[in-house]
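# A look at the structure
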Amino acid sequence: VYGNLDSRNLESYLSRVNYQYKGRYNLSASLRGDASSRFHPDNQWGVFWSVGGNWRISEEEFMAGARSWLDNLNIRASYGTSGNESLLDTGGYSTYYPYQGLYDLGYANGNLGGAFPITLQNNDLKWEKNQTFNVGLESRMFNNRLSFTFEYYSRKTSDLIMNRPLFPSSG
């Protein structure tokens, strides 16, 4: 009888702080720690954070004269990081412990049994990271009949997790 058992574990801690002052200024910050059993014990933890702010310009005193036609005007910005532990399929073999090397024992070496590496051991495998930046200006006018939003968004990924097949002849 053949069989196997795989299990995957994820441990997470999250904290968040929000602050609002006079209904005009809003700040938010978060911090998250994640540990995944998919990575080598030296690289299981990833720490991710974000900060953001919003300024309701339309609530400022210098905007009092525009309140008859300007319902809302605000500017916002945020920057943060997040992580990804999802791994691509390794040709039908388990991805629960992708940092470990796997071997297929079905390769004969003449009359003797043989083994062939399916995946190479990689203890340096770690969390994929995304850095996201967003800034925007939005407004509503004329009793909410007209609205607009201008926004800039940027996302950068580092430590990308992806399969990279190697030729058997590469050694």
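Computed from a prediction, not measured in an experiment: that's the story for all the values here. (Residues numbered from 1 in each chain as written. Predicted model: local features only at pLDDT ≥ 70, side-chain atom pairs only at ≥ 80, totals over all residues. Heavy atoms only, no water.)

### Description of the overall build of the chain
- Broken down by element type, the chain carries zero helices and eight strands.
- If you list the helices and strands of the chain from N to C, you get β-β-β-β-β-β-β-β.
- Across the 171 residues of the chain, 23% fall into the buried class.
- Of the contacts formed within the chain by residues at least 6 apart in sequence, a portion of 56% connects residues at least 24 apart. (Helix = DSSP H or I, 4+ residues; strand = E, 2+ residues; numbered from the N terminus. Buried < 20%, exposed > 50% of the residue type's maximum accessible area, 1.4 Å probe, protein only. Contact = heavy atoms within 4.5 Å.)

### Here we look at the sheet that holds strand E4 (residues 70–84)
- Taking strand neighbours across the sheet as the criterion, the six strands line up as E1-E2-E3-E4-E7-E8 in an open arrangement whose pairing is antiparallel. Of all strands in the sheet, those bounded by a partner on one side alone are strand E1 (10–21) and strand E8 (146–158). Strand after strand, the sheet turns through a mean of 10° between neighbouring axes, direction not considered. (Pairing = 2+ DSSP bridges. Axes fitted to C-alpha atoms, helices over the stretch in contact; angles between N-to-C directions.)

### Some remarks on the pattern of salt bridges
- All chains considered together, the criterion is met by six salt bridges.
- Across the pair Glu-60 and Arg-24 runs a salt bridge, and its minimum N-O distance is 3.0 Å. Of this pair, Glu-60 sits in the loop between strand E3 (45–56) and E4 while Arg-24 sits in the loop between E1 and strand E2 (25–36), placing them 36 residues apart in sequence. Grouping residues by exposure puts Glu-60 and Arg-24 together as buried.
- A salt bridge links Arg-32 to Asp-34; the shortest N-O distance between them is 2.8 Å.
- Linked through salt bridges whose partners overlap, the residues forming this network are Arg-76, Glu-138 and Glu-151. (Salt bridge = Lys/Arg side-chain N within 4 Å of Asp/Glu carboxyl O.)

### As for the packing of aromatic side chains
- One pass over the structure, following the stated rule, counts eight aromatic pairs.
- Taking the centre distance of 6.1 Å and the plane angle of 20° together, the rings of Tyr-13 and Trp-45 count as stacked. Taken as a pair, Tyr-13 in strand E1 and Trp-45 in strand E3 lie far apart in primary sequence, 32 residues in all.
- Each ring, one from Phe-48 and one from Trp-127, has its centre 5.6 Å from the other, and the planes form 70°; the classification is edge-to-face. You can see Phe-48 sitting in strand E3 and its partner Trp-127 sitting in the loop between strand E6 (116–119) and strand E7 (128–141), a full 79 residues away along the chain.
- Each member of the aromatic cluster is reached from another via a ring pair, and the members are Phe-39, Phe-48 and Trp-127. (Phe/Tyr/Trp six-rings, centres within 6.5 Å; stacked < 30°, edge-to-face > 60°.)

### With respect to unusual backbone geometry
- Backbone geometry places Lys-22, a non-glycine residue, at a positive phi of 55°.
- Checked against the element boundaries, Lys-22 lands in the loop between E1 and E2.
- Residue class for Lys-22 comes out exposed when judged on its relative accessible area of 55%.

### Things to note about the environment of Leu-102
- Within the element layout of this structure, Leu-102 appears in strand E5 (residues 102–104).
- For Leu-102, a relative accessible area of 27% puts it in the partly exposed group.
- Placed 15 residues apart in sequence, Leu-102 and Pro-117 show a C-alpha to C-alpha distance of 5.9 Å.

### A word on the pairing of E7
- With 14 bridges joining them, E4 and E7 adopt antiparallel strand pairing. When the sheet's bridge partners are listed, Leu-70 is paired in E7 with Met-141.
- Bridging between E7 and E8 involves 13 bridges; their strand directions are antiparallel. The partner of Glu-138 across the bridge, within E8, is Thr-149.
- Between the end of E7 and the start of E8, which pair antiparallel, lie four residues, with Phe-142 showing a positive phi angle near 55°.

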